[in-house]
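A look at the structure
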Amino acid sequence: MTEKTINRRSFLRKSALAGGAAAGSTLAAPAVLAQAPLVIKMQTSWGAANIWDEFAKDYATRVEEMSGGRMKVDVLPAGAVVAAFQVLDAVNDGVLDAAHSVPVYWYGKNKAASLFGTGPVFGGSATTMMSWFYEGGGAELYRELTQDIMGLDVIGYMGFPMFAQPFGWFKGEVNSVSDLDGFKYRTVGLAADLMAKLGMSVAQLPGGEIVPAMERGVIDAFEFNNPSSDKDFGAHDVAKNYYLSSYHQASESFEFLFSRSFVEDLDPDLQAILKYAVEAASTANTAKAMNRYSSDLEWLQNEGGVTVHRTSKEILDAQLKAWDELIPELEQDPFMKKTLDSQREWVDRVAFYELMNAPDYALAYDHYFPGKLKL
């Protein structure tokens, strides 16, 4: 940036000299160089205090720097223009140029949205499934759903393969499926259908509404996503038992959503920057999440008075059996069956390699840090 500034100043100075100070004429070139950047209005589905708002700003920084200042992404928190679950409509209608969200937040418009991040877990991680999006046909299926089936004027990319989401926050311990019966539980998307099969009553709420709902008794257990976000909105103030590990949302990524009309009006190099900055932010978000999520989990344990558990095998087995019941229901829809078939084929091949190739990291961890893991 310093070199660019120097070169620009040098150009202006040389141009002024060439034109002749005495002429007193206005130069066209400096006016072009000084033009304001194209401002892209992007709203997130997260509050300003959520670490994910920071993740969206990491994307904005990369777009601005990669474009040499020709584009600037104005990142707005949930509610600044529309509600957290309404960003898809706003981008489609041109109210927003872009959004930073997750497809499951428009699950109410089409259940297939949940397959792009929060669908059945066949054995692949979020990294496996984001790779399916880019290399296994997922991107074309996403385009078919949003543009052909739903008729939306949007383009979307996936970024930051999230770590498997915790089962969540409970006031007491839950070790068996019978312990869950009757709970009023917050989750979103197909996870709501899944948890209902485990005997829970489910409310689908944005992150910012979770703790107030818990305080009012609207819900009595919940999940959101990760230790940092949970800490940021005060989950530890309303529950003290935190259960990690779950199959309800184990393969989600962020959705970087854009108005198709807006993007297609841009020069090709600017379109490429918006697209590939997602990949750059994905790497940066992953590194930051590893650092912050682990640090905040330690804080929750040591300062927040939270007891961290690993979800029992009985509950995990019950989740898989619930998926077994749910999948045939989903496959009654031809598009959902086509998408699930594509995912199964991908996971069958790719996760086989991943799992067969991966050494037992838990064994190594326990060797060097004995007694900490309770698997």
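Residues numbered from 1 in each chain as written. Predicted model: local features only at pLDDT ≥ 70, side-chain atom pairs only at ≥ 80, totals over all residues. Heavy atoms only, no water.

All right, on to helix α6 (residues 138-149) then. Among the residues of α6, those classed as buried are G138, L141, Y142, E144, L145, T146 and Q147. Looking at the buried residues of α6, the elements they touch are α5 (126-135), β4 (154-161), β10 (253-259), α10 (260-264) and α13 (334-357). Phi turns positive one or two residues past the end of α6, at G151, with a value near 65 degrees. (Buried < 20%, exposed > 50% of the residue type's maximum accessible area, 1.4 Å probe, protein only. Helix = DSSP H or I, 4+ residues; strand = E, 2+ residues; numbered from the N terminus. Contact = heavy atoms within 4.5 Å.)

The pairing of strands in a sheet happens through backbone hydrogen bonds and is either parallel or antiparallel. Read from one edge to the other, the open sheet built from six strands follows the order β7-β6-β8-β5-β9-β11, with strand pairing classed as mixed. Each end of this open sheet is capped by a strand with a single partner; those strands are β7 (201-203) and β11 (307-310). Pairing of strand β5 (residues 168-170) with strand β9 (residues 241-244) involves three bridges; the strand directions are antiparallel. The partner of G168 across the bridge, within β9, is Y243. Along the sheet, helix α11 (residues 268-302) makes contact with β5, β9 and β11, crossing β9 at roughly 150 degrees. (Pairing = 2+ DSSP bridges. Axes fitted to C-alpha atoms, helices over the stretch in contact; angles between N-to-C directions.)

Overall, the coordinates contain two cavities of 30 Å³ or more when judged by the stated rule. Empty space within the largest cavity amounts to approximately 150 Å³. Around the largest cavity, the lining is made up of 18 residues, and of these L115, F116, G117, M129 and S251 lie nearest the centre. Broken down by secondary-structure element, the contributors of at least two residues to the lining of the largest cavity are α5 and α13. A total of four residues in the lining of the largest cavity trace back to one element, the largest contributor, which is α5. In terms of residue class, the lining of the largest cavity is built from eleven nonpolar, seven polar and no charged. The volume enclosed by the second largest cavity comes to roughly 70 Å³. Along the wall of the second largest cavity there are 13 residues; nearest its centre are Y105, Q165, V188, F224 and E252. Looking at the lining of the second largest cavity residue by residue, the class counts come to seven nonpolar, three polar and three charged. (1 Å grid on protein atoms, 1.4 Å probe; cavity = no way out; pocket = protein on both sides within 12 Å on 5 of 7 lines; lining within 4 Å. Points joined across faces, edges and corners; volume = space filled by probe spheres on them. Nonpolar A, V, L, I, M, F, W, Y, C, P; charged D, E, K, R; others polar.)

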